[in-house]
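Each chain is listed here by its residues.
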Amino acid sequence: MKNLILIGGTMGVGKTTVSRALQGLLPGCVFLDGDWCWDMRPFTVNEETKAMVQDNIVHLLRNFLRCSVFQNVVFCWVMHEQSIIDGLLEQLSGEEFRLWNYSLTCPEEALRRRLEKDVREGKRTPDVIARSTARLPFYEKLNTRRLDVGSITAGEAAAAIAAQVREGQG
């Protein structure tokens, strides 16, 4: 059975880096990032764009889950509300996969340091710090496996997830 591995977490926690590392550890693995579907100018968040983005994400996930080449589909996105996760999974009903649902977390100070570094390097704007740290508590309420990445590397986080996925396959 295929694995759908959801990696959620607030901005700057390391979702993309962990997902990329995980892609290198699992066979037949594709990495998809929900942010790709939001990369638009002007950046507009309303009911129409939310529905369009979710539809595009589900379309991508479904196609990769159906493709015989891939055994593992890794998808990362902010996913800070249970309704976001449930909405994606509801739209994927009828597809066969084993779900691995993770939220990456870290202490606020560690997140702040990461984001400040990104701001200094011009990768993010300063406003992301307050927005991202404010979302940290949301991940404690989700029906996900939480992985604290505050004191481990992305490679270590990916290895921990890969080990769990491999054990589940056996």
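So, a few notes on the structure that sits alongside this text. It should be emphasised that the depicted structure is a prediction, and the values quoted were computed from it without experimental measurement.

**Looking at the packing of helix α4 (residues 108-120) against helix α5 (residues 127-135)**
Okay, so step 1: For the pair α4 and α5, the least separation of the axes is 9 Å and the interaxial angle reads 155 degrees. By the criterion of interaxial angle, the relationship of α4 to α5 is roughly antiparallel. As for how α4 packs across α5, the hand of that crossing is right-handed. Each of E108, L111, R112, L115, E116 and V119 in α4 lies in contact with α5, whose residues at this interface are V128, I129, S132 and T133.

**Some details on the pairing of strand β1 (residues 3-9)**
Okay, so step 1: With respect to burial, β1 is a largely interior element, seven of its seven residues being buried.
Okay, so step 2: Along β1, one buried face is formed by N3, I5, I7 and G9 and the opposite face, lined by L4, L6 and G8, is buried too.
Okay, so step 3: Here β1 pairs with strand β4 (residues 98-105) via seven bridges, running parallel. Looking across to β4, one finds that G8 is bridged to S103.

**Quick notes on the nonpolar core**
Okay, so step 1: Ranked by size, the top nonpolar core spans 53 residues in total, and within it I5, I7, L22, F75, W77 and I161 carry the most contacts.
Okay, so step 2: With near-sequence residues (within four places) excluded, I5 lies in contact with L22, L26, N72, V73, V74, F75, W100, Y102, I161 and V165.

**As for the side chain of T49**
Okay, so step 1: Residue position: T49 is located in helix α2 (residues 47-66).
Okay, so step 2: Among the polar contacts listed, one links the side chain of T49 to the backbone oxygen of T44, at a separation of 2.7 Å.
Okay, so step 3: Excluding anything up to four places from it in sequence, T49 contacts W38 and T44.

**Let's talk about the sheet that holds β4**
Okay, so step 1: Here we have five strands laid out as an open sheet, ordered β2-β3-β1-β4-β5, and parallel in their pairing. Two strands bound the open sheet, and with one partner strand each, they are β2 (29-33) and β5 (145-148). Taking the axes of each pair of neighbouring strands and ignoring which way they run, one obtains an average angle of 20 degrees across the sheet.
Okay, so step 2: Alignment of β4 against β5, held across four bridges, turns out to be parallel. Bridge pairing in β5 links L104 to L147.
Okay, so step 3: The strands touched by helix α1 (residues 15-23) are β1, β2, β3 (72-77) and β4; relative to β2, the strand with the most contacts, the crossing angle is about 165 degrees.
Okay, so step 4: Sheet strands in contact with α2 are β1, β2 and β3, and its direction is about 165 degrees off that of β3.

The rules behind each value
Residues numbered from 1 in each chain as written. Predicted model: local features only at pLDDT ≥ 70, side-chain atom pairs only at ≥ 80, totals over all residues. Heavy atoms only, no water. Axes fitted to C-alpha atoms, helices over the stretch in contact; angles between N-to-C directions. Helix = DSSP H or I, 4+ residues; strand = E, 2+ residues; numbered from the N terminus. Parallel < 35°, antiparallel > 145°, perpendicular 65-115°, else oblique. Left-handed = near helix turned anticlockwise from the far one by under 90°. Contact = heavy atoms within 4.5 Å. Buried < 20%, exposed > 50% of the residue type's maximum accessible area, 1.4 Å probe, protein only. Pairing = 2+ DSSP bridges. Core = buried A, V, L, I, M, F, W, Y, C linked by side-chain atoms within 4.5 Å. Polar contact = N/O pair within 3.5 Å; in protein donor to acceptor, adjacent residues only side chain to side chain.

None of this, on its own, says anything about what the molecule does.
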